[in-house]
Amino acid sequence: MIAYTTSAETVYTVARQLNTSLDLDEVLGKVLSLTVDATGASRGSLFLLDEEGRVLRQILARPDQSPEVSERNVNTVMEVGLAGWVYRHQYGALAADTTIDERWVRLPDDDEITGSALVVPLLYQERINGLLALHHTQVRYFDESHLALAAGIAGQAAIALENARLFTEVKEERESLFKLINGMPIPVLVVDRADQVVLANQSARQRLPLKQVDVSLDAVTGGELLKEALEELRQRVDTRIEVKWPDGRTYNVSTSDVPKVGAVVAMDDITHLKELDAMKSQFVETVSHDLKNPLGVMLGFAQLLESEKNLSESGQASLQGIKRSGQHMQNLITDLLDLARIEAGIAGTLAPHDLVRVVLETLPDFALKIEEKNLHLTTDLPFERVKVLANKVRLSQIVSNYVGNAVKYSFAGGEIRVKLVRKDGSVVFSVTDAGPGIAPARQAQLFQKFYRVPEVGAATGEQGTGLGLSIVKAIVEGYGGRVWVESEVGQGSTFGCVLPIYPKK
Ligand code: ADP
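Criteria and thresholds
Residues numbered from 1 in each chain as written. Predicted model: local features only at pLDDT ≥ 70, side-chain atom pairs only at ≥ 80, totals over all residues. Heavy atoms only, no water. Near = heavy atom within 4 Å. Polar contact = N/O pair within 3.5 Å; in protein donor to acceptor, adjacent residues only side chain to side chain. Areas by Shrake-Rupley, 256 points an atom, 1.4 Å probe, with all protein chains shown as cover. 1 Å grid on protein atoms, 1.4 Å probe; cavity = no way out; pocket = protein on both sides within 12 Å on 5 of 7 lines; lining within 4 Å. Sits in = over half its atoms within 2 Å of the grid points. Helix = DSSP H or I, 4+ residues; strand = E, 2+ residues; numbered from the N terminus. Nonpolar A, V, L, I, M, F, W, Y, C, P; charged D, E, K, R; others polar. Buried < 20%, exposed > 50% of the residue type's maximum accessible area, 1.4 Å probe, protein only. Contact = heavy atoms within 4.5 Å. Salt bridge = Lys/Arg side-chain N within 4 Å of Asp/Glu carboxyl O. Points joined across faces, edges and corners; volume = space filled by probe spheres on them.

Caption draft 1: Summary view of the site of the ligand. Around the ligand, 18 residues are found, and the nearest of them are N405, Y409, D433, R452 and L469. G468 has a polar backbone atom sitting 3.2 Å from an oxygen atom of the ligand. L469 places a main-chain nitrogen or oxygen 2.8 Å from an oxygen atom of the ligand. Here the ligand, which alone exposes 530 Å², has 97% of that area covered by the protein. Put simply, the ligand lies in the second largest pocket. For the shell around the ligand, the secondary structure elements donating two or more residues are α12 (392–409), α15 (468–478) and β18 (492–500). The dominant element in the shell around the ligand, judged by the number of residues it contributes, is α12, at three residues. Its residues assigned to classes, the shell around the ligand comprises nine nonpolar, six polar and three charged.

Given below as structure tokens:
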């Protein structure tokens, strides 16, 4: 009989030992050898079961058996033997004398006689995830105290096993995630809160290039640019930023926060898109230039014709049609050339300009249209100057494009609010209208060239070139600012931009 204190101590030792490792094989090996030692058994076996009670893995204290034999034996004892009985009844059993216990099956290739045996379940939250079996050659070697001790050990082992299983699951998930990130064709980095690179996939290591992780971003060529981009992205609503890398390539850098870790940074190489864009812009600029002069001549002749006295009524109508279309083409060409110039960085001479004043000087351009449509325009402007380092014409283009659109797309009698506020080191300019509004799916494309929202066109009957917002975006971003839109169908829209105030504090 094993003394109570000895049993308690053994269970405690087992528990302590088990908690030192999360490695499944190590845990199982320890359970078995500790139990065999503590009970003085001549041999022991431990098997892990799946949800259906099938043996997933077994650790036998008799490694001399071939895998086929041991598999056959395990299946037999699970079907008709003591192990199966324990599995079905969910509690431990003792076969003190195997010669008379009918739950005991003697296996044909068993050369060592088992006199007594016991089997206990590894029970975790009402699920048996394993069985522990002990054998002894002597009949009546095991008694109830051994059974209680084995049950105590099995209880601890079941917890340790569950921990090990959870750990393996997490480890495997981590590994497959890492494989996935590593195999991605675009450079992906994980940085911690102190901008230290903690993970870099293969593409990142090759392209940046990065020899090792656990380095600060400062130590990476171009890392400074990445740090700036991250800093800016942290303050922004949108999650992408274009970064020109020292090797001449352009990356679209996007980031997402990982709680307690830092951030994942993905760098999409958009160099070829930028090159295509530059080629396209060059082409458009050349064609626009070539169209500009003949178009001017055509419009000039149309104007001359207008003063002809003996032009019929239908002739007059056709002439008006020619003039309207010619004017539309001219607007398009002017916008295209403007955009090409802005994108090429020829922003004109820069000087500090008061944006409040620019707004006040630009608004009267729309007075007639506002009156015609019976719109109510209100302003919310600061009483002090808010200076921005920019070209004045470009600044007034921002204002007139936003206000112009609000006037153009508002329904008659609608409200328009023009607002300018200081926020930290920036100025926020916004124009709100009560027009048709824009569906979220369309909003992402609004600032793209030639994009026009079909529903807005249908609701208002207004026409345009689809270039105004691209012009605003190019100007604002050229000055280190950003644009945004907030809109709801049926409610109206707010178009806004943020520009850095001059001088910087
Ligand atoms: P344009 O007005 O010449 O078509 P823009 O680039 O200025 O070109 O605008 C692009 C499109 O965005 C417009 O065609 C219109 O569909 C939509 N849009 C712009 N401003 C507004 C607004 N205030 N309300 C509703 N839709 C707008």
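Caption draft 2: Local environment of α15. The buried fraction of α15 is high, at eight of 11 residues. Listing the buried residues of α15 in full gives G468, L469, S470, I471, V472, A474, I475 and V476. Next to the buried residues of α15 lie α9 (313–343), α12, β17 (482–488) and β18. After α15 finishes, the residue G480 shows a positive phi value of roughly 80°.

Caption draft 3: Seen up close, the pattern of salt bridges. All chains considered together, the criterion is met by 18 salt bridges. Note that D101 and R103 form a salt bridge whose closest N and O atoms lie 3.0 Å from each other. Considered together, D101 and R103 belong to a single accessibility category, that of buried residues. Measuring nitrogen to oxygen at the nearest pair gives 3.6 Å for the salt bridge that ties K473 to E477. In this pair, K473 and E477 are both assigned in helix α15, four residues apart and thus about one turn of the helix distant.

Caption draft 4: Spotlight on empty space enclosed by the protein. For the structure on display, the rule yields two cavities of 30 Å³ or more. In this structure, the second largest cavity spans a volume of roughly 90 Å³. As for the second largest cavity, its lining consists of K280, S281, V284, L336, L339, A340, E343, K449 and F450. If you list the elements that add at least two residues to the lining of the second largest cavity, you get α8 (271–306) and α9. Ranked by residues supplied to the lining of the second largest cavity, first place goes to α9 with four residues. A per-class count over the lining of the second largest cavity returns five nonpolar, one polar and three charged.

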